[in-house]
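Here is what each chain is made of, one letter per residue.
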Amino acid sequence: MDIKISPSMLASDFANFEAELKKCEDAGAELIHLDVMDGHFVPNITMGAPVIKALKRVCKVPFDVHLMISEPLKYIEDFADAGADLISFHVECDSDTEETIDKIIACGCKAALAVKPNTSIDAVYPYMDKLSMVLVMTVEPGFGGQSFMADMMPKIEKLRKDYPDVDIQVDGGVNAETIKVCANAGANIFVAGSAVFKSENPAETISLLKRNAKGL
Ligand code: DX5
Ligand code: ZN
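Note that the structure is predicted; figures quoted are calculated from it, not measured.

Trainee: What is the right way to read the pattern of salt bridges from this model?
Mentor: Side chains bearing opposite charge may pair, as long as their charged atoms lie close to each other. In the structure shown here, the tally under the stated rule is 11 salt bridges. The closest approach of N and O atoms between Glu 20 and Lys 23, which form a salt bridge, is 2.7 Å. Taken as a pair, Glu 20 and Lys 23 lie in helix α1 (residues 17-26) at a separation of 3 residues, close to a single helical turn. For Glu 20, a relative accessible area of 6% corresponds to the buried category. Note that Glu 77 is salt-bridged to Lys 103, the shortest N-O span being 2.9 Å. Of this pair, Glu 77 sits in helix α3 (residues 76-82) while Lys 103 is found in helix α4 (residues 97-106), placing the two residues 26 residues apart along the sequence. Judged by its relative accessible area of 42%, Glu 77 falls in the partly exposed class. If you follow the salt bridges from partner to partner, you end up with Glu 98, Asp 102 and Lys 130 in one network.

Spelled out as structure tokens, the structure:
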């Protein structure tokens, strides 16, 4: 499986997005993770499609857009037009799951389904034939900088056993140590916010994460 690091811009300096994106690009990040929150599905509000569209103009790395919003179906077209390459939404949201996946694919993006910590991984199984990726949350969605929940690993192990080829992403509390646990469980795409942007040297941290995920 390809190992990919997806730095979460939520932990970056919002006044310097372009420079922060450049750091990720130069360090070889394979994806850029953009957390969209609506103050309804989760308590926090972050960024929307217009911001992502602006960032797209200054970054060549594919955009991994994580929708933590109640009604993703309403906004899929906006995020696709803004330049999302991969769109994740939550199985716990209010939109119809199948319809939302179909819309993402019809808009030319890869579709992913995310599960919150209290949701069984079985919830994604009916949709696996259409999904490029499954996002297993290792914190409650809503805020960066929370502690990694190691007890989510059995979900990843089960999914990897049943689907050897699907991309499995982990998001929440991923750092140079916890990434090893996630990789051992079978995850291959790693979101890291605080670990990257609160470090002294984000570029070095990205390479370290990559090495640790590969077990080098
Ligand atoms: C949390 C977001 C995460 C967050 C991760 O709801 O989905 O992507 O930015 O941040 P860290 O890596 O700091 O836990
Ligand atoms: Zn996220």
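Trainee: Hey, could you run me through the coordination of the zinc ion (ligand 2) in this one?
Mentor: Tetrahedral coordination by four donors puts the ideal angle at the metal at 109.5 degrees, and octahedral coordination by six puts it at 90 or 180 degrees. Protein-derived ligands of the zinc ion (ligand 2) are His 33 (NE2), Asp 35 (OD), His 66 (ND1) and Asp 171 (OD), with the metal-ligand distances lying across 2.0 to 2.2 Å. Seen from the zinc ion (ligand 2), its 6 donor atoms lie at angles of 71 to 170 degrees, and the figure they make is octahedral. Read in sequence order, the donor residues coordinating the zinc ion (ligand 2) give the pattern H-x1-D-x30-H-x104-D. Here the residue Asp 35 occupies a position in strand β2 (residues 32-37), and His 66 occupies one in strand β3 (residues 63-68), the gap between them amounting to 31 residues.

Trainee: Teacher, can you tell me more about the site of ligand 1 here?
Mentor: What surrounds ligand 1 is a group of 20 residues, the closest being Gly 142, Asp 171, Gly 173, Gly 193 and Ser 194. One nitrogen or oxygen atom from the main chain of Gly 145 is found 2.9 Å from an oxygen atom belonging to ligand 1. Gly 193 has a polar backbone atom sitting 2.8 Å from an oxygen atom of ligand 1. Protein coverage of the free-state accessible area of ligand 1, which is 380 Å², stands at 99%. Secondary-structure elements contributing two or more residues to the shell around ligand 1 are β2, β3 and β8 (189-192). Classifying every residue of the shell around ligand 1 by side-chain character gives 8 nonpolar, 10 polar and 2 charged.

Trainee: Could you clarify how one ought to interpret α1 in this entry?
Mentor: The periodicity of an α-helix, 3.6 residues per turn, causes residues three or four places apart in sequence to face the same way. For α1, the complete set of buried residues consists of Phe 17, Glu 20, Leu 21 and Cys 24. The arc enclosing the buried residues of α1, seen along the axis, measures out at 100 degrees, which places them on a common side. Those residues of α1 that are exposed and angled more than 90 degrees off the buried face are Glu 18 and Asp 26. Just past α1, the residue Gly 28 takes up positive phi, approximately 85 degrees.

Thresholds, definitions, all that
- Residues numbered from 1 in each chain as written.
- Chains lettered and ligands numbered in written order.
- Predicted model: local features only at pLDDT ≥ 70, side-chain atom pairs only at ≥ 80, totals over all residues.
- Heavy atoms only, no water.
- Salt bridge = Lys/Arg side-chain N within 4 Å of Asp/Glu carboxyl O.
- Helix = DSSP H or I, 4+ residues; strand = E, 2+ residues; numbered from the N terminus.
- Buried < 20%, exposed > 50% of the residue type's maximum accessible area, 1.4 Å probe, protein only.
- Donors = N, O, S within 2.8 Å, 3.2 Å for Na, K, Ca; no water.
- Tetrahedral: all angles 85-135°; square planar, octahedral: opposite > 155°, others 65-115°.
- Near = heavy atom within 4 Å.
- Polar contact = N/O pair within 3.5 Å; in protein donor to acceptor, adjacent residues only side chain to side chain.
- Areas by Shrake-Rupley, 256 points an atom, 1.4 Å probe, with all protein chains shown as cover.
- Nonpolar A, V, L, I, M, F, W, Y, C, P; charged D, E, K, R; others polar.
- Arc of directions from axis to C-beta.

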